[in-house]
Amino acid sequence: MKEQKKEKKEKITYIDDGRTIADMSSLNSGFHMSKGRSGSSAKDKWKTYWGATKMMLVPTLVAAGFMLALYLILALIFYLK
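So, a few notes on the structure that sits alongside this text.

What counts, and at which threshold
Residues numbered from 1 in each chain as written. Predicted model: local features only at pLDDT ≥ 70, side-chain atom pairs only at ≥ 80, totals over all residues. Heavy atoms only, no water. Helix = DSSP H or I, 4+ residues; strand = E, 2+ residues; numbered from the N terminus. Buried < 20%, exposed > 50% of the residue type's maximum accessible area, 1.4 Å probe, protein only. Areas by Shrake-Rupley, 256 points an atom, 1.4 Å probe, with all protein chains shown as cover. Phe/Tyr/Trp six-rings, centres within 6.5 Å; stacked < 30°, edge-to-face > 60°.

## Details of the overall build of the protein chain
Then, number 1: Helices and strands together make up the secondary structure of the protein chain, namely one helix and zero strands.
Then, number 2: Residue burial in the protein chain is summarised as follows: out of 81 residues, 0% are buried.
Then, number 3: With the model as given, the accessible surface of the protein chain reaches about 9300 Å², and the carbon-plus-sulfur share is 64%.

Right under this line is the structure:
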């Protein structure tokens, strides 16, 4: 049985040229609008939406309650003045 030598991969050296946006036009992967549908069902989308809504319901109510309390305090201060 002969040992197979692994070929060394060419080491890639990245050079930072200071630009903030890279040219990725040569890449063919990723989501393209021309492909159309995302592949997930309406049920999956609804579950994702409702899960995010349930997660943010309490913080939204707390923020709204804080703003209402602040409004009432300021209204009392200026009303009694």
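This is not the end of the story, as more comes after the structure.
## Some remarks on the packing of aromatic side chains
Then, number 1: Enumeration according to the criterion identifies two aromatic pairs in this entry.
Then, number 2: A centroid spacing of 5.5 Å and a plane angle of 40 degrees characterise the contact between W46 and Y49, whose relative ring orientation is tilted. Here Y49 and W46 lie together in helix α1 (residues 42-80), a separation of three residues that amounts to about one turn.
Then, number 3: Note on W46: relative accessible area 53%, which makes it exposed.
Then, number 4: Relative accessible area serves as the criterion here: at 49%, Y49 is assigned to the partly exposed category.
Then, number 5: With 6.3 Å between their ring centres and 5 degrees between their planes, W46 and W50 make a pair best called stacked. One end of the pair, W46, and the other, W50, are both in helix α1, four residues apart, so they sit about a helical turn from each other.

That's the geometry; what it means functionally is another story.
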